[in-house]
Every structure is written in structure tokens, then in C-alpha cells.
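A closer look at the structure
The chain contents come next:
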Amino acid sequence: MKLRISVLLFLVTVSAAFAQIKLEGVVKDSIGNPLELANVVAINQETKALDAYGITNDQGRYKLSLKKNTSYKLQVSYIGMKAGEDIFESKESDVVKNFTLQNDNALDEVNIVYEMPVIVRGDTLIYNADSFNKGTERKLGDVLKNLPGVEINDDGQVQVEGKTVSKIMVDGKEFFDGDTKLAVQNIPSNAVDKVQVLKNYAEVGQLSAVTNNQDNVAINIKLKEGKTNFWFGNVTVGGGASNQNELYLVQPKLFYYSPKYSINTITDLNNLGEIAFSRRDYFNFTGGFRNPSRSSGTSINLGSNSLGFLTTQNNRAKDINTKFAAANFSWSPNKALDLSGFAIFSGNRTDIQEIRDVQYFDNALRNENRENNTKQRSDLGMVKLSAKYKPNSNNQLDYDILGRLSKESQDQNVLSTQIGTINEFENSSPYSINQNLNYYYTLDATNIFALEIQHLLQDEDPFYNAILEDKDNYDSTAAILGLDGAQLDYNVAQDKRVKSNQMDAKLDYWNILNNKSDINFTIGTILSTQQFNSEIFQFLDDDSQFNPTPTINDGLDVNDIKYNFSDVYLAAHYRLKSGIFTFTPGVSAHAYSTNNTQFNTKSTDNFFRLLPDFNMLMQLKKSEQITLNYRMQTQFTDVSKFAQGLVLNSYSSLFSGDPALENALSHNVNLSYFSFNMFNYTNVYASLNYNKSIDNIRNILTPSDANSVVFVSSPFNSPFADESASANGRFQRTFGKIRASVNGNFNYSKFNQFFQNTPSVNESFTQTYGAELRTNFKTAPNIEINYRHSIQDNNNNRFFTKSPSVEVDALILKSFTFKTDFSYTNYSNEERTINDYKFWNASLSYKKDKNSKLEYEIKATNLFNTKSQNNTNSSNISVSATEYFIQPLFASFRLRYEL
């Protein structure tokens, strides 16, 4: 019913939007040449409001949608020209009207009263936020969603014209090292004056002419007048009740900006499930660090030994308590020196309940139903300090140090139809220190040098413990582990320690041959050392420890291994511009050396390899391009894959490595196209990607006995090539106040592994289709309708997801803001619906006027009181369906105070 009402509301607003006439024409200079990127605005003479605006295309054409039978003042402006002005009376039919602008020295003929919503200056797009705001915005993310060509994806990343924004700044100062998610969720919307989109953004200005920045996009937020040299922000407090517990929320967010320094503080404490900073955000947060060798052709994986946390689905779980605090500062004591830093703490307490049903293809006796009840504690912290010294335009020195420290634990109670009752406990307190030193030197107009050095020190110490109460169900696995069976239960544990020490350094030299070409030489190295220790042991009934001897893997269940890796490389790249084309072919020569030492045996692999790469850019227009990339890459694994001793990944997963593993080689080809037409706000993006991996590391998987759900795996270099291909695209078009978009994603992958010594191919093909319609009215209610349809085909098991959704926000009587969103999801296979569920959230807030300091809000989530959600997963050996339980209906009252 709610969806039908929303669709009806949308149709009404759409019909109102099309009750307009079209005004179009051409803007030329005095000798008849078309003027591209001229600004045209239409000001309603009765209301004095800006009703429409447009920007001319490469042929000088503009197009405006205007109300019928209305008087307008038309104003046309272009840099270096006298602005044009005309009074226009719209009638019942479309009109063509051309303008000719004259050269100007004074630039004072016409007073441009209204600021253009969008201004284009070279590679910079400048959006005037107030021209797109509807009055219901509360944070930066709400502002960005209104802007043509700007999107926020499901992961909270900002995308411009199909490209992911790498950095967000405020008045030129990085906001938490440019992290986009923290920015869009916390910067208040009422502080935003302009949004500057910086395309082809170069991190280092000295290298802008010689580096490939075609995919780099940054955003700079210009603050409104009165927001500098003063504290601004907001403080939100709230409370409520549910059928589980009392609810609370405290969110102070304070900001200070001045020409010399800035301070940002964000705090969030709540048990409403509103996660300010998740574990995924923490581990993805690079702090601005990027490996110098990222484009060298070498990929080395240091592995991840974090806990195997059950993950929440869409930030939903049975119970979530969040504590988050972050502070960011920047200080410029003089023009040559910039100091900055941040500190972040995130503490989450999460309860997760899941029921999982697994069906095995080879043996129905192995089918399992498993219920997990999990309590997670996660305390994550990081601190970074940075310094940038730039005494002149030819020299720049950067230094950064980032420290991470975390403490995590997970308690699981598992009830399995195959194993019985299992209690699992995991904890870990890892730390890492990352340092970065960069120096950039411009000798003269044709010679540029860059030195980049990065060092990582990392220590991980995961501990795992499982208590299996129903011994009979685990006897076969206990036997191969060598456990003592004369105990009340099987209490098995493992200590693990991984230490990593890596240096990544390179020296670049560019010689600019002419204004069409340059050549780049690089010499670099990666030096890495990893130490891996592990031991499996059993707690006995008298609290003593027993060291078992496995009956498999030659009786080895301890590890003490040292793994060394080195790569010394020399690379050359030549860049040539020819017409609309830019070609950058390159090659790198690598001398690799790897060795691992364990049980007094050393395994060594030394070899030499040439790795070519190629980039082609076809610049069709200023905002239309085609890019082709090819790269050959050598891939190296981490120390754990070489460890010969048995490793207990969990009670149901045992692993032993192979010291003779070799590297893998991959080929990657990417072809992409994007176009953003400012004339009609059409945004088109498409990409094709193909990857082929040779000698990839895969696993041989074997059950511990014929009907067991416990598997033993070991890695090997697959003689079969693994392949993946993907295609995705999006088309977006704005019609007056309505934006429509369609998108599609196709992903195919094929990889090979062995199951019970039999080759097994895992094939997956996923199709996702989406469509969206949304409005952007100043006074009328705004609505967004989405539909997503996906087809997942894993080894001939097909699953379908259909998910329509609708969002409505409205400013009522200039004081009330009403927001609501509804979504429905249907999971099915070819025979039946597996699960369907729906969510409905709504909020109503009151703010006397836009200048009022206080705002009152009532917010309700999960109004249908949906109890659980489902998802499915399929592999080459099994198919599983998982039901996970979520927080119930919450209703809360909130008070927000604006500084």
C-alpha cells in the first residue's frame, strides 16, 4: 500500500514537471563562433526566483525548461564577454532564442544577481549547494546526492561521473586524510557553500604534468561565510525504548576552520544500530598510505590474521552498541610547513544470531543445520601524524606515521546437527606502525625527481579455542588431531603469531622531451620478512595442557617459519600525446628472490621476469573519454601458505601449507568509457574488465571422514588458468527536476580446485540490473524510486533477488521535515520463494525556521518489526541459506542543537 501511494505521488509530481515549455537556442560571439560553457539563467519576474539554468555545449546550444505564461529575465554570461540580458514572456509552446555576446573590458554592463548553480573552469566543476538543496538536508551526503553527476554508492563512497572520489577536503584542508565516508556522514549541510569537484587531481602538484591522473577525482568543500574563524557543528542527543532495552544516542560534532589551522571532532555513542565506523571501515582506512610499488607489476600479500568475525548484514544485527570518537587537526605555522594528524577510536559490542542450512552436492548425509549465537567486542584505535614541508615550488618533503592498535574478541555458541554443541572463543590484540617518507625535486622545466619510501611493522596474535561437548560427533577429527579422548569434552586451542616487516621504496626520474612527450625511469625495491609461529594444544580436565601429535600431515601441528621476499626492479615508461590520443607504453624488469625456512629446511626461488603495461587515453571531448589499460602482474602469497604444520582455522577447518609454492602470473585488461554532458546533464559510464591468472594458488579440499563437515585443506599451484570477466555501465539523464538512471553489472568467474582429489571447477555468473527515478523540487515533496533485480548462478544453482524501494522527503510549512523509506526484498530460486521481507523507516522533525538553533525529531526504524533477513551462497561443493536476526522496531526522540 505504501509503495502504491509513493508511486502515485511520484506520477503526480512528474506530470507537474512536464507541464512546461522548452526554451532553447545558441550562444555565439560577435564573429559567429559558438561559445561552449556559457551560462544561461532564467529569473522569474514575479517571484524573483531562479527557475532554470543551463550551460551551453560544444556547439553553443542551451536548453531551459520554463513554466508556461510566465515573465522571465534571461541572463547570459561568459568569461571575457559582456553579459547579455533579455525579458522573455513564455506562452504555450516551445521557443528558440539565440544570443550574441560582445567582447568586454569593463565587465560591468549587466549585474548578475543570481549565482550560477554550476560553473565549469577547466578540470574543475563548481556546484553552488543552495541551488540544489531542498531544505531537508542535514549532512554533506544529502547535499552531494542532489548534484548532477554525483552519486553515493551502497558502500558510502562518493562517485563523480562513474569515478570514485579519492579525497574530500574542507577549505583546502584534508578531512581525516580525505576519508569520504566520515565526511559525507558528519559534515553538516548548512555549512556547505560550494562543492568543488577537482578532476584529474594530482596529489603532488610538481608531478601533475608527468603522472597519469585521469581517474583521480577529489572534492573540496567551500564553507559558507561566517563558518570560518568560528566553531560550528551540532550536538544531537536522544533516547527511546524497544521491547529489548532502553535506547540512547549522543552525537556531538564540532568543527573549527581558520586560514592557519582547523580542528574537527566527532563523537557518537548509541545502541540504535547506527554504526559510525565499522570494522570494515577501520581495516579499509589507509590513512592516505599507498604503496610506492602499487604500479610496478608486483603484488605481495601479507595476509590478514584478524579474527574470523561473523559480519553484520547491511549494518543490521540482533543488538549493536557503538562508541566512536575521532579528532582531526591541521596547522600551518608558516607558508612552507603544514602539520596535520588525527586520532580515531571505535568500540562496538554486537550480538549476532544466525541459522544456517547447508546442503552438500556429493553426500546428503553431510547436510548440516547450524545455529550461531555470537557476542563480539571490538576496540579499534589509530593515530596519525603528518608533516609537509614545501619551501618553494621545486621542493617538497612529506613524512607520515600511522599507528594502529586493536583489541577484539568473539564468543560463539554453535548448535550443529552434525557436531552438536560447540563453544568457540577468539581474541586478538594486533598492532602496526606504518611510516612514509617522500621527497619531490624539480631540477628545471624538463627534469623532475621523486623519492618514495614506505615501511610497515606489523604484529598479529590471534588465539582460538573450541570446546566440543558432544565428543562422539567429533571423534574422527579428534583422532586425526591426536587429541586425548579420556576427557569430559574436547577442549582444543591454538596460539598463532605473525610478525611482518616490509620496506617499499622507489626513485623516479622524468625527462620532459617536449610538450607532447616525456619519459620516466624508475628504480625500486620491495623487501619483506614475515615470521609465523603456531601451536595446537588441548586443555585437559585438570586445567593442564596436552600437546597432541596428529595422525596426518607427518605428525606436524606446530610452525616456526621465516619467509623472506625481495624484488629489485627497473622500469621505463614513455608517454606520447598525438591529437586526441595519449599513449603510455611501459615495461619493468624484476629480479625476484623468495625463501622460507622451517624445520631446518630452506626452500628458495630466484627468477627474473619482464612485465609490460600499456595505457591509452582517447579524449573525445572535455568530459568524454575512452581509456584502455593492460597490465601483467606477478602475485606472491603470504607466509601462512608456506607453513607445513597443521593450522586450526576453526574446529571444522584444518589447513597445512606447502613450502614449495610458487608465484602466480596475471593478465588484466580494462576498457572504460565515460561522458558527462553539461548541456542536458547526461552521465554515461561503461567498463569492461578481463583477468586471467596462471599458476594461481588454490586449495585441495578433503573431508576428515566420509560424512564429516570438517575439512582439511592444503594449497597448490593450479595447472589450470583462472578467469574472470566483468561488464558494468550506467546511464543517467536529468529532465528538468527529474533524474532518471539505469545500470547493469555482469560478473563471471571461473576457478579450479580439487575436492577429494577430484578436479572441481567453480563457475559463477551474476547479473544485476537497476533503475532509479528521483525528483529535485524546491517546494514540492521529493521522491526516489529504485528497483534492483539480480540473478546469481553458481554451478547451475540459480537465485533471484528482487528489491523495489522508495524514499520520500518533504519540507512542510517551512518548519517540518518528513522523511520515510520503504524497501521490499524477495529471495527465490527457480522453484520457490526462499524468503521475503520488508523494512519501513520514518522520521518527522520540527525546526522553526532555517536559522533556528534547535530541531526536534521523532524517528522510528523497522516499523514492520521484521525479525530476520535471509541470504544464500553457493560453491562447487555445497549451497547454503542463512537467516540472521536483526534489531526490532525502535522509536526514539532526538534533540539537535546547531552551533
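The notes below deal with the structure included here. (Residues numbered from 1 in each chain as written. Predicted model: local features only at pLDDT ≥ 70, side-chain atom pairs only at ≥ 80, totals over all residues. Heavy atoms only, no water.)

1. Section: the overall build of the protein chain
- A tally of helices and strands in the protein chain yields five helices and 53 strands.
- Overall, the protein chain is about 95 × 70 × 55 Å in size when its C-alpha atoms are taken along their principal axes.
- Buried positions account for 50% of the 899 residues belonging to the protein chain.
- Considering only contacts within the protein chain whose residues lie at least 6 apart along the sequence, 66% involve residues at least 24 apart. (Helix = DSSP H or I, 4+ residues; strand = E, 2+ residues; numbered from the N terminus. Buried < 20%, exposed > 50% of the residue type's maximum accessible area, 1.4 Å probe, protein only. Contact = heavy atoms within 4.5 Å.)

2. Quick notes on a negative patch on the surface
- A cluster of acidic side chains, namely E469, D470, D472 and D475, defines a negative patch on the protein surface.
- When you line up the elements, E469 lands in the loop between strand 29 (463-468) and helix 5 (475-481). (Patch = residues over 30% accessible without salt bridge, like charges linked within 9 Å, V, L, I, M, F, W, Y side chains within 5 Å. Areas by Shrake-Rupley, 256 points an atom, 1.4 Å probe, with all protein chains shown as cover. Salt bridge = Lys/Arg side-chain N within 4 Å of Asp/Glu carboxyl O. Lys, Arg positive; Asp, Glu negative; His and termini not counted. Charge placed at Lys NZ, Arg CZ, Asp CG, Glu CD.)

3. Some details on the nonpolar core
- Counting 52 residues, the largest nonpolar core has Y127, F175, I219 and I344 as its most contacted members.
- Sort the elements by how many residues they give to this core and strand 17 (residues 217-223) lands first, with four residues.
- Look past the residues within four positions of F175 in its chain and what remains in contact with it is I168, M169, V170, L182, A183, I187, F255, Y257, N264, I266 and N328.
- In terms of nonpolar packing, the next biggest core, distinct from the first, is built from 27 residues, Y360, I480, L654 and V709 among them. (Core = buried A, V, L, I, M, F, W, Y, C linked by side-chain atoms within 4.5 Å.)

4. What to know about the environment of L365
- Structurally, L365 is set in the loop between strand 23 (337-360) and strand 24 (368-392).
- Its relative accessible area of 61% is what places L365 among the exposed residues.
- With 460 residues separating them along the chain, L365 and T825 place their C-alpha atoms 32 Å apart.
- Aside from chain neighbours lying at most four places away, what touches L365 is Q418 and N707.

5. Details of the packing of aromatic side chains
- Evaluation of the coordinates by the stated rule reveals 33 aromatic pairs.
- Among the aromatic residues, those joined into a ring-pair cluster are F175, F176, F232, F255, Y257 and F342.
- Sitting over the ring of Y282, R404 keeps its end group 5.1 Å from the ring centre.
- Between the NZ or CZ atom of K838 and the centre of the ring of F864, over which it lies, the distance is 4.8 Å. (Phe/Tyr/Trp six-rings, centres within 6.5 Å; stacked < 30°, edge-to-face > 60°. Lys NZ or Arg CZ within 6 Å of the ring centre and 35° of its normal.)

6. Details of the sheet that holds strand 9 (residues 118-121)
- Judged by pairing direction, the sheet is mixed, and its six strands sit side by side in the order 9-10-16-17-14-15 without closing on themselves. Among the strands making up the open sheet, the edge pair consists of strand 9 and strand 15 (173-174). (Pairing = 2+ DSSP bridges.)

7. Looking at the pattern of salt bridges
- Overall, the coordinates contain 31 salt bridges when judged by the stated rule.
- A salt bridge links D130 to K224, with the shortest nitrogen-to-oxygen separation between them at 3.3 Å. Taken together, the positions of D130 in the loop between strand 10 (124-128) and helix 2 (140-146) and K224 in the loop between strand 17 and strand 18 (231-241) put the pair 94 residues apart, joining distant regions of the chain.
- Residues joined in a network through salt bridges with shared partners are R138, E855, E857 and R896.

8. Focus on the side chain of H590
- Positionally, H590 belongs in strand 34 (residues 581-598).
- By relative accessible area, H590 is classed as buried at 0%.
- Among the polar contacts made by the side chain of H590, one reaches the main-chain carbonyl oxygen of S296 at a distance of 3.0 Å.
- A distance of 3.3 Å separates a polar atom in the side chain of H590 from a polar atom in the side chain of Y592.
- Each residue touching H590, except ones within four places of it in the same chain, is listed here: S296, T298, D567, V568, Y569, F607, F608, R609 and L611. (Polar contact = N/O pair within 3.5 Å; in protein donor to acceptor, adjacent residues only side chain to side chain.)

9. Looking at unusual backbone geometry
- Of note, the phi angle at N200 is positive, near 55 degrees, even though the residue is not glycine.
- Exposure remark for N200: the relative accessible area of 35% places this residue in the partly exposed category.
- Positive phi, close to 55 degrees, is recorded for L813, a residue that is not glycine.
- Position of L813 relative to the elements: it lies in the loop between strand 47 (797-812) and strand 48 (816-829).
- Owing to a relative accessible area of 70%, L813 belongs among the exposed residues under this scheme.

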